[in-house]
Amino acid sequence: MGKPASEFQAVQIAVMTVSDRRDASNDTSGDYLRAAAAEAGHEVVDHAIVPENLYRIRATVSRWIASEDVQVVIINGGTGFNPKNSTPEALLPLFDREIDGFGELFRMISYEEIGGSTLQSRAVAGLANQTLILALPGSTSACRSAWERIIAEQLDARTAPCNFVSHLKKR
């Protein structure tokens, strides 16, 4: 664990929306995540809307993991309990290390907002090729809660005692 930095370090982020119903005109969750990342000072280097297809999700995330230009991937959608939701299944084989606490912390925060329905959230996170991958539910309110209460501070090198910036591939 490295010492927190004394100044902000922008990271390069790709945002994916997993949905069979969203497109550029109604991707409110993807729009929110891109705007929040940019407002925080990060660089959004790519984004995609991908249908709920395990292999299309995995292919796009694999490309970003292999890219030297992507340090963080934030995914919204496909994490529910519906049989079509396959984002966790697409991601888990790609992880070098799973970040168990992310899903646990997200569900704790989500419980405050939606009660026991949070049991059906399968939010997951992990590291692959020094790329942080975070998968959230598709609702804009869930994305906002995750960004404001978990992700923003974990992408800030000044956050003590630790954050994920020191674990990301170097640019």
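Refer to the structure above for everything that follows.
Right, let's walk through the structure included here. (Residues numbered from 1 in each chain as written. Predicted model: local features only at pLDDT ≥ 70, side-chain atom pairs only at ≥ 80, totals over all residues. Heavy atoms only, no water.)

## Thoughts on the packing of helix α1 (residues 28–39) against helix α5 (residues 140–154)
Next, step 1: Close contact between α1 and α5 brings their axes to 8 Å; oriented N to C, the two are set at 20°. When the axes of α1 and α5 are compared, the pair comes out roughly parallel. In the packing of α1 onto α5, the handedness of the crossing is right-handed. Every residue of α5 that contacts α1 at Thr-28, Ser-29, Tyr-32, Leu-33, Ala-36 and Ala-37 is listed here: Thr-140, Cys-143, Arg-144, Trp-147 and Glu-148.
Next, step 2: Grouping the constituent residues of the contact of α1 with α5 by class yields six nonpolar, three polar and two charged. (Axes fitted to C-alpha atoms, helices over the stretch in contact; angles between N-to-C directions. Helix = DSSP H or I, 4+ residues; strand = E, 2+ residues; numbered from the N terminus. Parallel < 35°, antiparallel > 145°, perpendicular 65-115°, else oblique. Left-handed = near helix turned anticlockwise from the far one by under 90°. Contact = heavy atoms within 4.5 Å. Nonpolar A, V, L, I, M, F, W, Y, C, P; charged D, E, K, R; others polar.)

## Concerning the pairing of strand β2 (residues 43–50)
Next, step 1: Pairing of strand β1 (residues 12–18) with β2, which is carried by seven bridges, proceeds in the parallel orientation. Residue pairing in the sheet places Met-16 in a bridge with Ala-48 of β2.
Next, step 2: For the crossover from β1 across α1 to β2, the handedness is right-handed. (Pairing = 2+ DSSP bridges. Right-handed = clockwise from strand over helix to strand, strands pointing away.)

## Points about α5
Along an α-helix, residues three or four positions apart point the same way, because every turn accommodates 3.6 residues.
Next, step 1: Helix length check: α5, at 15 residues, gives a terminal C-alpha distance of 20 Å against a target of 21 Å (1.5 Å per residue), a fit within 8%.
Next, step 2: Of all bends in α5, the biggest is about 50°, found at Trp-147.
Next, step 3: The set of residues buried in α5 consists of Ala-142, Cys-143, Ser-145, Ala-146, Trp-147, Ile-150, Ile-151 and Gln-154.
Next, step 4: In this fold, the buried residues of α5 make contact with α1, β3 (72–76), α4 (100–114) and β6 (131–136). (Expected span 1.5 Å × (residues − 1). Bend = angle between axes of the 7 residues up to and from the residue. Buried < 20%, exposed > 50% of the residue type's maximum accessible area, 1.4 Å probe, protein only.)

## Description of the nonpolar core
Next, step 1: Among the nonpolar cores identified, the biggest contains 30 residues, and Val-72, Ile-74, Phe-102, Leu-132 and Ile-151 are the most heavily contacted of them.
Next, step 2: Of all the secondary-structure elements, those providing two or more residues to this core are β1, α1, β3, α4, β5 (124–128), β6 and α5.
Next, step 3: Of all the elements, α5 adds the most residues to this core, at six residues.
Next, step 4: Non-local contacts of Leu-132, meaning those with residues more than four positions away in its chain, are made with Gln-71, Val-72, Val-73, Ile-99, Gly-126, Leu-127, Leu-155, Phe-164 and Leu-168.
Next, step 5: Ala-14, Met-16, Val-50 and Ala-90 belong to the second largest nonpolar core, which has 21 residues in total. (Core = buried A, V, L, I, M, F, W, Y, C linked by side-chain atoms within 4.5 Å.)

## Some details on the sheet that holds β6
Pairing between the strands of a sheet is mediated by backbone hydrogen bonds and can be parallel or antiparallel.
Next, step 1: Spatially, six strands are ordered β2-β1-β3-β6-β5-β4 in an open sheet, and the strand pairing comes out mixed. The open sheet terminates on both sides in strands that have one partner only, identified here as β2 and β4 (97–98).
Next, step 2: As judged from the two bridges shared by β4 and β5, these two strands associate in the antiparallel manner. Looking across to β5, one finds that Glu-98 is bridged to Gly-126.
Next, step 3: Along the sheet face, α5 touches β3 and β6 and points at about 140° away from the line of β6.

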